[in-house]
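# Structural overview for review
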Amino acid sequence: VQLVESGGGLVQPGGSLRLSCAASGFTFSTYDMRWYRQAPGKERELVAAIISAGGRTSYADLVKGRFTISRDNAKNIVSLQMNSLKPEDTAVYYCNARRAWWDYWGQGTQVTVSS
């Protein structure tokens, strides 16, 4: 099982980034997918989620209206489009796949929002 995040980097406040997570080794379409983030000195927090069936999405209040999660079950990819980025969005972003007691994590990608 592998979850490989990409797309992180340094961006100015107000800018945009698109994170991607490529999945392999499990039946991607049957798993709920989530993006979490962890800032220095803080606990990991849920940012966005997209369920396996129907694609219903949910977001943390702090990112609602700015971030969009999506998935491509044909390519086994989940993405996070991040717009209007703020310095407080700076964190390591992690991809998560979960179904019942199966729970997989990626290695994370750093997002830094700074001028």
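Quick caveat, the model's predicted, so the values are computed rather than measured.

Once that is clear, we can look at the sheet that holds strand E3 (residues 17-24). Across the sheet, 4 strands lie side by side as E1-E3-E8-E7; this open sheet has antiparallel pairing. What marks the edges here is a single partner per strand, and that holds for strand E1 (2-6) and strand E7 (67-72). The mean inter-strand angle of the sheet, taken between neighbouring strand axes irrespective of direction, is 15 degrees. Pairing geometry for E7 and strand E8 (residues 77-82), over 6 bridges, is antiparallel. What sits directly across from Phe-67, in E8, is Met-82.

The phi dihedral of Ser-84 falls on the positive side, at around 50 degrees, and the residue is not glycine. Along the polypeptide, Ser-84 turns up in the loop between E8 and strand E9 (91-99). Positioned with a positive phi, Ala-100 is a non-glycine residue whose angle comes to about 55 degrees. Structurally, the position occupied by Ala-100 is in the loop between E9 and strand E10 (102-105). The exposure class assigned to Ala-100 is exposed, which follows from its relative accessible area of 61%.

Side chains that differ in sign of charge can pair as their charged atoms come close. Tallied over the entire structure, the rule returns 5 salt bridges. Salt-bridge contacts for Asp-89 lead to Arg-37; the nearest nitrogen and oxygen are separated by 2.9 Å. On the criterion of sequence distance, the pair formed by Asp-89 in the loop between E8 and E9 and Arg-37 in strand E4 (residues 32-38) is long-range, its members being 52 residues apart. Under the relative-accessibility criterion, Arg-37 is labelled buried at 5%. Between Lys-64 and Asp-61 there is a salt bridge whose closest N-O contact spans 3.2 Å. Just as Lys-64 is exposed, Asp-61 falls in that class too. In this structure, a network of salt bridges that share partners links the residues Arg-37, Glu-45, Arg-66 and Asp-89.

It is worth spelling out the environment of Leu-85 at this point. Secondary-structure assignment places Leu-85 in the loop between E8 and E9. For the pair Leu-85 and Leu-46, spaced 39 residues apart in sequence, the C-alpha to C-alpha distance is 17 Å. Sequence-distant contacts of Leu-85, defined by excluding residues within four places in its chain, comprise Val-11, Pro-13, Gly-14, Gly-15, Ser-16, Leu-17, Arg-66, Phe-67 and Val-113.

The subject of this paragraph is the environment of Thr-30. In this structure, Thr-30 sits in the loop between E3 and E4. For Thr-30, a relative accessible area of 29% corresponds to the partly exposed category. When near neighbours in sequence (up to four residues on either side) are disregarded, Thr-30 contacts Ser-52 and Arg-99. Separated by 2.8 Å, the side chain of Thr-30 and the backbone oxygen of Thr-27 make a polar contact. A polar contact is formed between the side chain of Thr-30 and the side chain of Arg-99, at a distance of 3.0 Å.

What counts, and at which threshold
Residues numbered from 1 in each chain as written. Predicted model: local features only at pLDDT ≥ 70, side-chain atom pairs only at ≥ 80, totals over all residues. Heavy atoms only, no water. Pairing = 2+ DSSP bridges. Helix = DSSP H or I, 4+ residues; strand = E, 2+ residues; numbered from the N terminus. Axes fitted to C-alpha atoms, helices over the stretch in contact; angles between N-to-C directions. Buried < 20%, exposed > 50% of the residue type's maximum accessible area, 1.4 Å probe, protein only. Salt bridge = Lys/Arg side-chain N within 4 Å of Asp/Glu carboxyl O. Contact = heavy atoms within 4.5 Å. Polar contact = N/O pair within 3.5 Å; in protein donor to acceptor, adjacent residues only side chain to side chain.

Everything listed here is a matter of coordinates, which is why it stays silent on function.
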